[in-house]
Amino acid sequence: MYEHLETAENRDSLKRVVVDPVSRVEGHGKVTLLLDADNKVQQARLHIVEFRGFERFIQGRPYWELPVLVQRLCGICPVSHHLAAAKAIDQLVGIDPENLPVSADKLRRLLHFGQVLQSHALHFFHLSSPDLLFGFESDISKRSIVAVLSEYPEIGVQGVKLRKYGQEVIRMVSGKRIHGTGAIAGGMNKSLTKAERDYLLEDIDQMITWAEGSVALIKKVHCSNLPYYDDFATIRTNYLGLTKPDGALELYHGGIRAKNEHGETIMDHIDYCKYNDYIHEEVRSWTYMKFPYLLSLGQEQGWYRVGPLARVNNCDYIDTPLAEAARVEFKAHSGEAMVHSTLAFHWTRLIEVLHCAESIKQLLNDPDIMGSDLVAQGEKRYEGVGVIEAPRGTLFHHYQVDENDIVTKANLIVSTTSNNMAMNESVRQVAAEYLSGRELTEPLLNNLEVAIRAYDPCLSCATHAVGKMPLQLELVDAEGNLIDKLVKHSDGQIERNNA
Amino acid sequence: MSKTITIDGKVIPFEDGQTIMDAAMAAGVYIPHLCHQPEFTPHGSCKLCTVKVNGRNCSACTYPAMDGQEVLNETQELIDDRKRITQMLFVEGNHLCPGCEKTGNCQLQAVAYHLNMLDNHFPAFYPEREVDASHPEVMIDHNRCIFCTLCVRASHEKDGKDVFAISGRGIHKHLIVNAESGLLKDTDMAATDHAAHICPTGAILIKRTGYQVPIGERIYDHKEIDQVSLATEHLKHGE
Ligand code: SF4
Ligand code: FES
């Protein structure tokens, strides 16, 4: 269960850290803080190297490989890539979402709910909950899963089981817990047998109860120190995501909706195949990661946040009763049209866990998931766009193929890229608050970790246990001189490296 | 009184004209192989079927059975050799099982599992090889060709065509098609040809069919290659 805490595994990676300084730096998240002439943090730069070469990797391959190939792009939410690619290649065989066989559509939704459930459960219970339960300033030794397990035994176990349940849903639909198959162009390669369906039904009520409990817990934690939770790393932003035609929360398929910080609609029900007309990606010299923004608002104003906070903020309601009640409470707590608290990502993540559990139950009780009409086919097309709400936010896959079915062009916007600007801003916020003078400190480092983690970015550094996110922090003055450097390794050890 | 050989001590009858492979398969004894299929003339190129006959290494698929031969098959030494040969096949091409549509149905992969091959052992060559997707129905991914010549033989012997040939030697060896353009679309290949369905790896594929068989229903999901091979091929050997 606790793969990432296995001592043996850790020991191996530690060894590598010692012998190979290059891999050590690459595995680290890197943050540069740029000061102005008054020693105030003017800009924060989160350097991300992971998303290079996607496109090259895919070009030249036949399109039907895409849903399986792209699962390997990101070890963290393979099913989301699988489904986004499948939605795109549906179009290459002439199938639009409304023409997908009903059973295939429902099976994909079931698969996706399983993925979001397991991903969110992993993030909250394994990575974030110690922080939230014990407070960020608490003793480092307490900030570990072990501590949660001993002091809140039921929560730890429930988190593990919720995640496991999500993985079982994935396994039943796609054949494997990770890197299964399932979705193919125009449909699915299998449906559920009655035995598989019954197996999943067995535990679903328990999962719903636990998910409800986790929402109650996070609400308690959040409201126990409202000023702190509402203000930490908080930025007022636009929000973007898919919604259903009637404005309900949607994870698998819908139109693009964007709202501004006041909750006013910037755009709604946009056909995602035309995303290029609305979203552009800015390139900056210091990072490979692009900065997407809404064309209508421009580069300065047009950046936005995606993910659970964006989705729960953006939607008019949630179509499962318990999650809807949780959403209403969540919205009410701030008294504002939109909740901007960055730590509220955690709260909304758990509201979605509840929604997933409720939705899984609905689907399991729907005979269509055992149907046999699974694949449809139409006229060949040369371009396809698939967009999905991945656990971390809106995920875009866009492909072009030639007459031989070979991919000639690919463009992907992953959720973490959409949150790029926001993460940099949140980091700047926290730095501005916790940096005093010209020296980097350990509390600053820890708080930066908490801010980055709230977004649940799909970065390898973010998969380490809490307090052990390998992070390299640099302070650069107005003249461009490196004046301080602090490195935290994946064993939690801190190393100062004065310039 | 029929003639016999022994394989790992087991007495096995054979008829004149049979190879050691034929006799073994007919008797339900599995000898690992990749370039051999009972319906085609043996080629003896992959060397996976190497056995020891009276102390000497021989390819079971080409070596005739002779009365009184003592054949060793499942010795640790031979198993280790076969594993090395399989590892070489892997590193010489680009066999990236996780993304390959043949996974679960691939003989190369299944043999590797059977031999308990856990890594590549040798450094990968990462050769630059192409995909020929020019044909409307059939695709060649040269990255996965192991030069077993089964497609060459199938096209010639069964389909009455000569779509494929092997050209070059050693590291320059490659599969070519019989067309001036070098493209499959300019040959007389048809998706119904035997040659389109014979490839033991994922090098020759029927387009747009990948991943249609769900995990759990693929050939090697629940059975090892020896079981599958004996169940599907041994009758043909007995013919
Ligand atoms: S394409 Fe397949 S059948 Fe033909 S030689 Fe290569 S591996 Fe053998
Ligand atoms: S099977 Fe005998 S050499 Fe390949």
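In the annotation of an unreviewed UniProt entry, chain B is listed under the name Hydrogen dehydrogenase and assigned to Methylobacter tundripaludum. The Subcellular location (unreviewed entry) field of the UniProt record for chain B holds the comment "Membrane".

The name an unreviewed UniProt entry assigns to chain A is Hydrogen dehydrogenase, from the organism Methylobacter tundripaludum. In its Sequence similarities (unreviewed entry) section, UniProt records this for chain A: "Belongs to the [NiFe]/[NiFeSe] hydrogenase large subunit family."

**As for the UniProt feature "binding site: Ni(2+)" (unreviewed entry) in chain A**
Within this numbering scheme, the UniProt entry marks C74(A), C77(A) and C458(A) as carrying the feature "binding site: Ni(2+)" (unreviewed entry). When you line up the elements, C458(A) lands in the loop between α17 (442-454) and β14 (471-476).

**A word on the environment of L111(A)**
All names here are of chain A. Among the secondary structure elements, L111 is positioned in helix α6 (residues 102-134). Residue class for L111 comes out buried when judged on its relative accessible area of 0%. When residues no more than four places from it in sequence are discounted, the contact partners of L111 are V79, H82, L83, I170, V173 and S174.

**Observations concerning the domain arrangement of chain B**
Residue and element names in this part refer to chain B. Once the domains are mapped, chain B shows domain 1 (3-74) and domain 2 (97-219). Placing a centre on the C-alpha atoms of domain 1 and another on those of domain 2 gives a separation of 26 Å. Contact residues are listed per partner, giving 13 residues for domain 1 and 16 residues for domain 2. Here domain 1 packs against domain 2, burying approximately 1,300 Å² in sum over the two surfaces, 63% of which is carbon and sulfur. Interface area lost by domain 1 to domain 2 is led by L34, Q37 and F40, which between them contribute 49%. Summed over the shared surface of domain 1 and domain 2, the result is zero salt bridges. Run the count over domain 1 and domain 2 and you get four residue pairs in polar contact (both at pLDDT 80 or more).

Basis of the calculations
Residues numbered from 1 in each chain as written. Chains lettered and ligands numbered in written order. Predicted model: local features only at pLDDT ≥ 70, side-chain atom pairs only at ≥ 80, totals over all residues. Heavy atoms only, no water. UniProt positions renumbered as here; feature names shortened; annotations may be inferred. Helix = DSSP H or I, 4+ residues; strand = E, 2+ residues; numbered from the N terminus. Buried < 20%, exposed > 50% of the residue type's maximum accessible area, 1.4 Å probe, protein only. Contact = heavy atoms within 4.5 Å. Domains from an automatic or database assignment. Buried area = accessible area lost by both parts, 1.4 Å probe. Salt bridge = Lys/Arg side-chain N within 4 Å of Asp/Glu carboxyl O. Polar contact = N/O pair within 3.5 Å; in protein donor to acceptor, adjacent residues only side chain to side chain.

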